[in-house]
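Given next are the chains, with one letter for each unit.
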Amino acid sequence: MPDPKPDRKSVFIEKIMPVTLLNEQVYYEHGGNPFKGLHRWYSRKPLSFSRASVLGSLLPADVTMEEFEWLLGLNRRGKDGLQDKTTKLYKTTPSPERIKRVQELCEQIWGTKTPTVLDAFAGGGSIPFEAARYGLNVLASDLNPVAVVTMKAAIEYPLKFGADLQVEIDKWVKWVGDEAEKRLALFFPSSYGEDIQNYFWVHTVVCPNCESTVPLNPNWWLSRTTNYVGRGQARVATSNWYAVKPIPSPDEKQVNFGLIRGRKGSSSTIQTDEGEFEPDNLATLSRGVGRCPNCNGVIEDEYIKSFAQNSGLGHQLYAVSYRTGKNPLEFRVPEKIDIEGIKKAENFLSKNRGEWELNNLIPTQEIPSNTHRGPDMYLYGVYKWMDLFNPRQLLTLVTYREIIDEAKERLREKYSVEKLEAIVVYLSLVFDRCADTNCRLAHWDSSRAGSKRGSAQHALNLMWNYPEVNGAGDLWKWCADAFASEYRSLCDLLSSNFNSQAIPGLLGIEQKTVQIQAASADSLYHLPDKSLLTVVTDPPYYDAIRYGEISDFFYVWLRANLLDILPDLFFNELTDKDNEAIANPGRFRGMGESPDVLARRDYEAKMALAFAEYYRVLRDDGVMTVQFNHKDSGAWDVLAKSLIDAGFEITASWAVSTENPQNLHQAQKNSVSSTVLLVCRKRDPKAGQAWWDDLRPDVANLVEQRAPEFEANDITGIDLYLSAFGPALNVFSRNYPILDSSGNPVRPEEAFAEARRAIANYRFRKLAQTDTAGFDPLTTWYMLAWDAFRAREFPYDDARQLALAIGGFNVAELGKTHKLLEIKSGTCKFLSPDQRFKKRAFAVTPNEFSARYLVDGLHAIIALYLEEGTIEPVRRFLKATGLLSNDLFMRSWEVALKVIPRIGDERKRIPEEKALADLWLAMDEIKAKVVYIQPELNVGDEQQSLDFDTSVE
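Residues numbered from 1 in each chain as written. Predicted model: local features only at pLDDT ≥ 70, side-chain atom pairs only at ≥ 80, totals over all residues. Heavy atoms only, no water.

Considering the overall build of the protein chain
The helix and strand tally for the protein chain stands at 32 helices and 29 strands. Sorting the 953 residues of the protein chain into buried and exposed places 59% on the buried side. (Helix = DSSP H or I, 4+ residues; strand = E, 2+ residues; numbered from the N terminus. Buried < 20%, exposed > 50% of the residue type's maximum accessible area, 1.4 Å probe, protein only.)

The following block contains the structure:
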């Protein structure tokens, strides 16, 4: 390994980062980024965060914070010195002055105005997109063709063709839609005056008891939206709630439906002339078990799956939504005209299906059986990707396919090969949105009377009921409207908004060199050794998202539409999952060893090869910044080991809250919101090995030194523990290998364990204003668990690691012995005090109570208070047990009020927090010993809304 250049210059990100600013900017961005609307991709990082990652990795360390803010796009600070709080970076295009200054600074430190930024895990494309906005050279690649096509549409085509292409996109999108409307009208008939929007389907099986066709539906709601006029007592609802009522029909061996309509009733009911109707009481499926309305017989889960696998689940239409003129959305049950349209579609599909399959108009690829998704789908008789659509949905998509093929022939007569490629790609992306919207994976949100796409989550889940959008018009138009206009926005964001009247090259477009290609990150053979200055990359997060499996849903349709346009990209039948750098146990079943262990090894090997390639192509003075987000310490261990084995050391780290706060801050479930930036340099090969016992104190010291800085940037809870991994790696990665006292190699997980211990000690001292001396480990763990996870549920591994950091017990004892947790399926859940009392974890009679664990005392008084509803039994218990005079117990009470989340909605408050706060308010003797600052009442939601679109992209 050659010596790094002795004149290696520090970059801005190694000195400081505006973490608080980025937290604010990321918060603004969720749901508003036009880049994400092109195509569904998972865990796409915010543009503002990616911009700061790129600039911070390129600019010299002597750039001031104020100038860095300005280069990001904020206005300069005024005489008051206050930061610009009005600019939204994600929609702010860098000005020519800023671009020029960035390039001047790059020339000062690197000797070139436009250094090349490489991201070989480009995925959603946020990093190359932001690098391109500053006129830098960009090399972006990904193994997954879906990602590559999306990046081409988001970056390459806007830079190449500018805003003029929007006119052509609009023209051909409209042409496809108009043709589809004419050809599909026969299959979507409607009564005079009705503009049908959606058809509502439910999956069916044949009852094993009475042989009726049974619709299996856990939810018969259609609309729970209410509009009001007036205020106070004069406030009146102006819109109805809708639901469907299944009507038994034993003689016909089927179930019919009636429409329920009325104003909102009490709770979740509909107020009708006959009284209040509760749709939830008529569910025909609950927790996988069905119920037949005709014979009231139970349909077991095993039977449902067996029927699905052997016969296939059926489909029954149970409702239709429509509009008349500009009136609000209305609903009705199916009529004869609806059924006739469906039968025509089924007959037409049956007649032509064979020919369509031969002509590759229908994706016949099988869902791979060795993936996680395959066996899950197989349980319900779904073996091929085309099975995820009912017959009319499939007919609709095939019709779109035929029309796009016809469009290609017309385009070939008019346009160059490059422009043909771009227009067809955009048509294909509209098509993909149609497939996502109109499939058996989509679901209806009755709370807003709207549908959600099948890919709304990080998984593909078959729905028992699902909406079908009118394919003769609304489907293509809606999906095109949501997508097509974003091209011009992308041109604006990329400063490529030139048109035919502008002077070509006026905006310096020729300076922007972007290369986007399909390539595996572990095989960058097209790049010479030591040819690049900067790598900014966002690698796959271990097992968090299985990109290949999920994107196959889109890939099969993109392949059908684009195989003749981009043959090299879509050569394979499905995405390449063998070379994908994720930990997927499904690929290693039946190999004689634990699939989880084999998946971990496979991920580690692939990440090591990828980082070795990054090392090879990076100059000795170059910088690599890695973005990583995962709760599992095992994932961090593998990532760090791969980095260190490749020859890198971590010189700095920063944690930024990059995930949507509306989806994360829940009092019942724990989530990680931060992405950690790891700044890497080539390690000095002369550093030599080191001993862990010598490094351990340095890790703890650096972690505790950085902890207040992280907290000052609003990094708390589990994110604080994760942020500590950066400083730990900073120490750990300088020397390699690192050996224990027996001479055995030490993995990074040892450094992470030390970091956890340091943070645990730091947090406890801060919370209790003292160290852990005198506090039993069970109580210490309980307080720190609430402080870290801020949720009733959290991962088992995190609980285990925290227990190891504190010492004194195994985490399994928390469930079996102390009855503090419910542990199952890799998840832990705090048991409430009354649940623990019923399990006899503690006693509430003074002569039987043991004060060995302070948390048992807290839970005992909570259980007493909740049971008796008055403070007197609590007062007597505290005196009789001596807890009232126990300073450590009072300190535990004080800490509990700090760490258990206080929810503004009174109905959702956590019982432990509410009881302890109520007792503090009611008992003067407690007030005298416990300091508690009452939080301000929050009359609204805990997290204020900024009108975000909370859909995941």
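A word on the sheet that holds strand S8 (residues 241–249)
Working definition: the strands of a sheet are paired by backbone hydrogen bonds and lie parallel or antiparallel to each other. One open sheet accounts for five strands, arranged S5-S8-S9-S10-S11; its pairing is antiparallel. The two strands at the open ends of the sheet, each matched to only one other strand, are strand S5 (221–223) and strand S11 (275–277). Neighbour-to-neighbour, the strand axes of the sheet open up by a mean angle of 45°, direction not taken into account. (Pairing = 2+ DSSP bridges. Axes fitted to C-alpha atoms, helices over the stretch in contact; angles between N-to-C directions.)

Quick look at the environment of Asn144
As for its placement among the helices and strands, Asn144 is situated in the loop between strand S2 (137–142) and helix H7 (145–161). In this structure, the C-alpha to C-alpha distance between Asn144 and Ser520, residues 376 residues apart in sequence, is 8.7 Å. At 2.7 Å, the side chain of Asn144 forms a polar contact with the side chain of Ser551. (Polar contact = N/O pair within 3.5 Å; in protein donor to acceptor, adjacent residues only side chain to side chain.)

Section: the packing of helix H6 (residues 126–133) against H7
One way to put it is that H6 packs onto H7 with a least axis distance of 10 Å and a crossing angle of 15°. Looking at the two axes, H6 sits roughly parallel to H7. Handedness of the H6/H7 crossing: left-handed. Mapping the contact onto sequence places Pro128, Phe129 and Ala132 in H6 and Met151, Ala154, Ile155 and Leu159 in H7. A per-class count over the contact of H6 with H7 returns seven nonpolar, no polar and no charged. (Parallel < 35°, antiparallel > 145°, perpendicular 65-115°, else oblique. Left-handed = near helix turned anticlockwise from the far one by under 90°. Contact = heavy atoms within 4.5 Å. Nonpolar A, V, L, I, M, F, W, Y, C, P; charged D, E, K, R; others polar.)

Considering the packing of aromatic side chains
For any pair of aromatic rings, the description rests on two quantities: the centre-to-centre distance and the angle between the ring planes. Enumeration according to the criterion identifies 43 aromatic pairs in this entry. Summarising the aromatic geometry, the rings of Trp172 and Trp175 are spaced 5.8 Å apart at their centres and angled 65° between planes, so their arrangement reads as edge-to-face. Of this pair, Trp172 and Trp175 both sit in helix H8 (residues 165–184), three residues apart, which is roughly one turn of the helix. Each of the two residues, Trp172 as well as Trp175, counts as buried. Ring centres 5.0 Å apart and planes at 75° place the aromatic pair Phe764 and Phe775 in the edge-to-face group. In this pair, Phe764 is assigned in helix H23 (residues 748–768) and Phe775 in the loop between H23 and helix H24 (777–789), connecting sequence segments eleven residues apart. Grouping residues by exposure puts Phe764 and Phe775 together as buried. Positioned above the aromatic ring of Tyr615, the side-chain terminus of Lys682 is 4.3 Å from the ring centre. The ring of Trp920 carries Lys927 above its face, with NZ or CZ at 5.1 Å from the centroid. (Phe/Tyr/Trp six-rings, centres within 6.5 Å; stacked < 30°, edge-to-face > 60°. Lys NZ or Arg CZ within 6 Å of the ring centre and 35° of its normal.)

Points about unusual backbone geometry
Omega for the peptide link from Tyr736 to Pro737 comes to 0°, which places this bond in the cis form. Assignment of secondary structure puts Pro737 in the loop between helix H22 (725–732) and strand S26 (738–739). Unusually for a residue other than glycine, Arg287 sits at a positive phi of about 55°. Position of Arg287 relative to the elements: it lies in the loop between strand S12 (285–286) and strand S13 (289–291). Backbone geometry places Arg840, a non-glycine residue, at a positive phi of 60°. Its location among the elements puts Arg840 in the loop between helix H27 (833–838) and helix H28 (854–868).

Describing the sheet that holds S13
Taken in spatial order, the three strands make up an open sheet running S12-S13-S14, and their pairing is antiparallel. Strands with a single pairing partner mark the edges of an open sheet, and in this sheet they are S12 and strand S14 (298–299).

Overview of the environment of Asp694
By the secondary structure assignment, Asp694 is in helix H20 (residues 692–712). With relative accessibility at 54%, the residue Asp694 sits in the exposed group. In the structure, Asp694 is positioned 44 residues away from Ile738 in sequence and 9.9 Å away in space, judged by C-alpha atoms.

Re helix H10 (residues 336–358)
The terminal C-alpha atoms of H10 lie 34 Å apart, and with 23 residues this matches the ideal 33 Å at 1.5 Å per residue to within 8%. At Asn352, H10 shows its maximal bend, which comes to roughly 50°. Of the positions making up H10, those classed as buried are Asp338, Gly341, Ile342, Ala345, Leu349, Asn352 and Trp356. The elements touched by buried residues of H10 are strand S3 (195–206), strand S15 (314–323), strand S16 (330–332) and helix H12 (391–414). Of the residues one or two after H10, Asn360 is the one with positive phi, at around 60°. (Expected span 1.5 Å × (residues − 1). Bend = angle between axes of the 7 residues up to and from the residue.)

Overview of the pairing of strand S21 (residues 532–537)
Counting buried residues in S21 gives six out of six residues, a clear majority hidden from the surface. Looking at chain direction, strand S1 (residues 116–119) and S21 are connected through two bridges and run parallel. The residue of S21 that forms the bridge with Leu118 is Val535. The sheet contact formed by S21 and strand S22 (residues 618–628) spans five bridges and is parallel. Within S22, the position partnered with Val536 by the bridge is Thr625.

Concerning the state of the cysteines
Throughout the structure, instances matching the rule amount to zero disulfides. Of all cysteine sulfurs, the one in Cys295 lies closest to Cys207, which takes part in no disulfide; the gap is 3.7 Å. (Disulfide = S-S within 2.5 Å.)

Considerations on the pattern of salt bridges
Applying the stated criterion to the full structure yields 56 salt bridges. Its salt-bridge partner being Asp178, residue Lys174 comes within 2.7 Å of it at the nearest N-O pair. Note that Lys174 and Asp178 are positioned in helix H8 at a spacing of four residues, about one turn of the helix. Two residues, Arg453 and Asp436, come together in a salt bridge whose shortest N-O distance is 3.6 Å. In this pair, Arg453 sits in the loop between strand S18 (450–452) and strand S19 (465–469) while Asp436 sits in helix H13 (residues 417–437), placing the two residues 17 residues apart along the sequence. We classify Asp436 as buried; its relative accessible area is 0%. (Salt bridge = Lys/Arg side-chain N within 4 Å of Asp/Glu carboxyl O.)

Notes on the packing of H10 against H12
Where H10 meets H12, the closest approach of the two axes is 9 Å, and the angle between their N-to-C directions is 55°. Overall, the two elements H10 and H12 adopt an arrangement that is oblique. The handedness of the crossing between H10 and H12 comes out as left-handed. Of the residues in H12, those in contact with Gly341, Ile342, Ala345, Glu346, Phe348, Leu349 and Trp356 of H10 are Pro391, Arg392, Leu394, Leu395, Val398 and Glu402. Its residues assigned to classes, the contact of H10 with H12 shows nine nonpolar, one polar and three charged.

As for the nonpolar core
Grouped together as the largest cluster of nonpolar side chains are 271 residues, with contacts concentrated most on Trp476, Trp781 and Trp893. Looking at this core, the element that brings in the most residues is H13, giving twelve residues. In this view, Trp893 contacts Leu858, Ile861, Leu878, Leu916, Leu919, Trp920, Ile926 and Val930; residues no more than four positions away in its chain are not counted. By size, the runner-up hydrophobic cluster in this structure holds 14 residues, among which are Val205, Leu216, Cys292 and Ile304. (Core = buried A, V, L, I, M, F, W, Y, C linked by side-chain atoms within 4.5 Å.)

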